[in-house]
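Report on the structure
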Amino acid sequence: MFGKLSRRHFAKLAGLSALGLAAPAVAQNSAAKPATYAPASFPKDFLWGTATSSYQIEGAVNEDGRGPSIWDTFAHAEGNIEDRSNGDVACDHYHRYKDDIGLIRDLGAKAYRFSIAWPRVFPEGTGTPNPKGLDFYDRLVDELLRTGIEPYATLYHWDLPQTLQDRVGGWLSSETSRAFGDYAAHVASRLSDRVRSFFTVNECGRFVSFGYGIGIDAPGLKLPQDRINQARHHVALAHGLAVQAIRAHGRPGTRIGVAENIAACVPAIDTPANVEATAIATREMNAGFLNVIFTGQYTDAFLAYAGANAPKFTAEELKIISTPNDFLGLNIYSPHAYVVASGRPPGFALLPFPSSFPHMSSDWLRIAPETMYWAPRLAAEIWNVDTIYISENGTSSIDKRAGDGQVHDLDRVSFLRNYLTQLQRAIADGVPVKGYFLWSLMDNFEWIYGYEKRFGLYHVDFETQARTPKLSASFYRDVIARNAIGA
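What you see is a predicted model, and the numbers here were worked out from it, not measured in a lab.

How each quantity is defined
- Residues numbered from 1 in each chain as written.
- Predicted model: local features only at pLDDT ≥ 70, side-chain atom pairs only at ≥ 80, totals over all residues.
- Heavy atoms only, no water.
- Helix = DSSP H or I, 4+ residues; strand = E, 2+ residues; numbered from the N terminus.
- Expected span 1.5 Å × (residues − 1).
- Buried < 20%, exposed > 50% of the residue type's maximum accessible area, 1.4 Å probe, protein only.
- Pairing = 2+ DSSP bridges.
- Axes fitted to C-alpha atoms, helices over the stretch in contact; angles between N-to-C directions.
- Contact = heavy atoms within 4.5 Å.

A separate point is helix α15 (residues 371-383). If you check α15, its first and last C-alpha atoms are 18 Å apart, about what 13 residues at 1.5 Å a residue would give, namely 18 Å. Burial runs high along α15: 12 of the 13 residues are buried. For α15, the set of buried residues is T371, M372, Y373, W374, A375, P376, L378, A379, A380, E381, I382 and W383. Positive phi appears at N384, one or two residues downstream of α15, with a value of about 55 degrees.

Structure (structure tokens):
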């Protein structure tokens, strides 16, 4: 059931595409600036980092007052996880965080993107915070800073408190949006003296469509399109409320943005007509989340396409949703579509993927390094964004140990080399990408695939919890040391 899953589901199931409908012209880019450094290298202040998420690595699900999340419930239900595993222990990062920070230090990385478990902080989702809820993240942040690594915290990486799902339907209710704002305020008041950058939510495009639409992610619901669109609107509202809450309760200068698996569109051939068509497609396929965040409105094409399924909203909600951000995080793996210009509305056509299109060990992860060029470039142009982070990029691999005990993941090295080459090309062309967070620091609980899919730079033996650097760790260490891509 999982093997044929494709990231094309994101746009299809979320109803973001406005095929057959007229779309307005795309604004000209004012964010891109000429490169001011040697084109063979990255900018001197470019931020190299790596990333993880709480449920995937922490374990300790019943310690220090943490409440259950929807992923605890979902992973323990029979048939939901391919290898019948769960995140109860995962990488035991809750107890091994100092050693894991040492792994980041050994790479030479200067930033770490991690997520905070909402159920640790508010076990019931709302109400009185757990006194021990942020103690772990206090210790984590202090150790990162002591080691010379800048913390980048994500407030929501899918582990919604189960009580909110039970009581109000989770993201189907604006009560969850308001609860998220309160949670963000509490975290900012405690951590923003040391954490200067916060991502609000991670991959709305995945957790809404998969969790509330096709039911293969937590909470496992299969709802009609109108309720999916409303849930997505509530996530956008939660983001806006969190931005306002952090500005109100955090230290002055705290930076805030969102991390989204953008529906990445790539021109099939780089011609002016195809590039313009791809920009229109990018805006319309992200109309239900990124576009409303950065423009404060749903596009006419999106609303016409959704029809009776369009989300219900107020002008005040749109104002909250579009509270200005300080940066945009893009999770980039594969293209969602290749695009050519069309003489018929909406001015673009999406090409089908041939069956022979190359992919990594995960079938959905199609190999298309040029996505790393076009996704940030078009995002900067469409939404006039002046600071972008690649908040996730990486690949799964089979990652079998060789006779010498090492993992020679040449496929991951090749993947990273080619994607980073295209990222360097984008920056050289003036696209304002300021940093890169490689997914992931170490092998972890990979959601519906359990522990069968490995994305880490470090191999984890889940029986002994031993961490072993892979060949890709050496490659990434070399990139960081050079601030450039070696041969």
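Turning next to the sheet that holds strand β4 (residues 197-202). Adjacent strands of a sheet form backbone hydrogen bonds with each other and so pair up, either parallel or antiparallel. Read once around its circumference, the closed barrel built from eight strands follows the order β1-β2-β3-β4-β5-β7-β10-β11, with strand pairing classed as parallel. Between one strand and the next, the sheet's axes are offset by a mean angle of 25 degrees, whatever the strand orientation. Where strand β5 (residues 255-260) and strand β7 (residues 327-331) come together, four bridges link them in parallel fashion. Bridge pairing links V258 to L328 in β7. Where helix α17 (residues 471-482) meets the sheet, its contacts fall on β1 (47-51) and β11 (433-439), and the angle it forms with β1 comes to roughly 155 degrees.

Moving on to the pairing of strand β9 (residues 348-351). Note: strand β8 (residues 337-341) against β9, four bridges, orientation antiparallel. The residue of β9 that forms the bridge with Y338 is L351. As consecutive antiparallel partners, β8 and β9 are separated by six residues, and within that stretch G347 has a phi angle of approximately 100 degrees, a positive value.

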